[in-house]
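As a plain string of letters, each chain reads:
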Amino acid sequence: MRIDKCLADCGLGTRSEVKSLLKSKKITVNGKVVTNGKVQVNPETDEILFDGEKIQYEEFVYIMMNKPKGVVSATEDNLHKTVLDLINPLYFKKGVFPVGRLDIDTHGLLLLTNDGELAHRLLSPKKHVTKIYQARVEGVMTPEDAAAFERGIVLSDGTECMPARLDILSTTQDESIVQIHLKEGKFHQVKRMVKACGKNVVDLQRLTMGTLKLDERLALGESRPLTEEERQSLEIND
């Protein structure tokens, strides 16, 4: 591929910005200064350096984020901060986007990537990729509620949900901590399913998406690239 495209794909800037970098003589390929953007390179075998530092070419990037509340799962928004505002600008330049959505007041696991095919497979209704949420509920969830989830909750507007799993982790006199396993992603689904049982979700966190599990070491708002093992597991999960 052309060196200017390679550098742009690595997040070093737009084609015009990369052109300026080349003119500055800060780009070397296998030890030789390159100033012409048309020069052909092989990112897998050629050593490409910018100002003495090796450039690692990645066509696709995969990022795990611990999304905080108050941030929208979108690439742009006129009113609120988006998840893209929380990541390294180099990833932004590579065209990453959130895979699916978490409500503005929901926190937890969010995958961001520029791999459209993988995102489509993970979100496809035909795949039924399981997602696990942990919720703090105002009210006492009961075994009867768990049985209703297993049968398939009918929402207030008549929408029928697929059978889901409700695990009751703990209860007090007026509150419950539960985990909910879903294989679909309707609008505000967890909250609406709990509401159909006569209770209210007061805090919601996503823990998993398919084989991908939230890294507990990530503070709210932090993110990191997926490990190779995590990325490969998503492919297998497809």
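Keep in mind it's a predicted model, so treat the numbers as computed, not measured. (Residues numbered from 1 in each chain as written. Predicted model: local features only at pLDDT ≥ 70, side-chain atom pairs only at ≥ 80, totals over all residues. Heavy atoms only, no water.)

Describing the overall build of the chain
Okay, step 1: Secondary structure summary: the chain contains 7 helices and 13 strands in total.
Okay, step 2: Its C-alpha atoms give the chain a radius of gyration of 22 Å, clearly above 18 Å, the size a compact globule of 238 residues would have.
Okay, step 3: For the chain, the spread of C-alpha atoms along the principal axes amounts to about 70 × 35 × 30 Å.
Okay, step 4: Evaluated residue by residue, the chain yields a buried proportion of 44% over its 238 residues.
Okay, step 5: For the chain, long-range pairs separated by at least 24 residues make up 64% of all intrachain contacts whose partners lie at least 6 apart in sequence.
Okay, step 6: Summed over its atoms, the accessible surface of the chain is roughly 13200 Å², and 49% of this surface lies on carbon and sulfur atoms. (Helix = DSSP H or I, 4+ residues; strand = E, 2+ residues; numbered from the N terminus. Rg over C-alpha atoms; globule rule 2.2 N^0.38 Å. Buried < 20%, exposed > 50% of the residue type's maximum accessible area, 1.4 Å probe, protein only. Contact = heavy atoms within 4.5 Å. Areas by Shrake-Rupley, 256 points an atom, 1.4 Å probe, with all protein chains shown as cover.)

Quick look at the UniProt feature "domain: RNA-binding S4" (unreviewed entry) in the chain
Okay, step 1: Taking the UniProt record as the reference, the feature "domain: RNA-binding S4" (unreviewed entry) is found at residues 1-59.
Okay, step 2: Note that residues 1-59 is 27% helix and 17% strand, and that its end C-alpha atoms are spaced 12 Å apart. (UniProt positions renumbered as here; feature names shortened; annotations may be inferred.)

Some remarks on helix H6 (residues 189-196)
Okay, step 1: Of the positions making up H6, those classed as buried are Gln189, Val190, Met193 and Val194. Along the axis of H6, the buried residues cluster in a sector spanning 130 degrees; they form a single face.
Okay, step 2: Close packing links the buried residues of H6 with strand E8 (131-138), helix H5 (143-151), strand E10 (175-182) and strand E11 (200-209).
Okay, step 3: In the stretch just after H6, glycine 198 is the one whose phi turns positive, near 85 degrees. (Arc of directions from axis to C-beta.)

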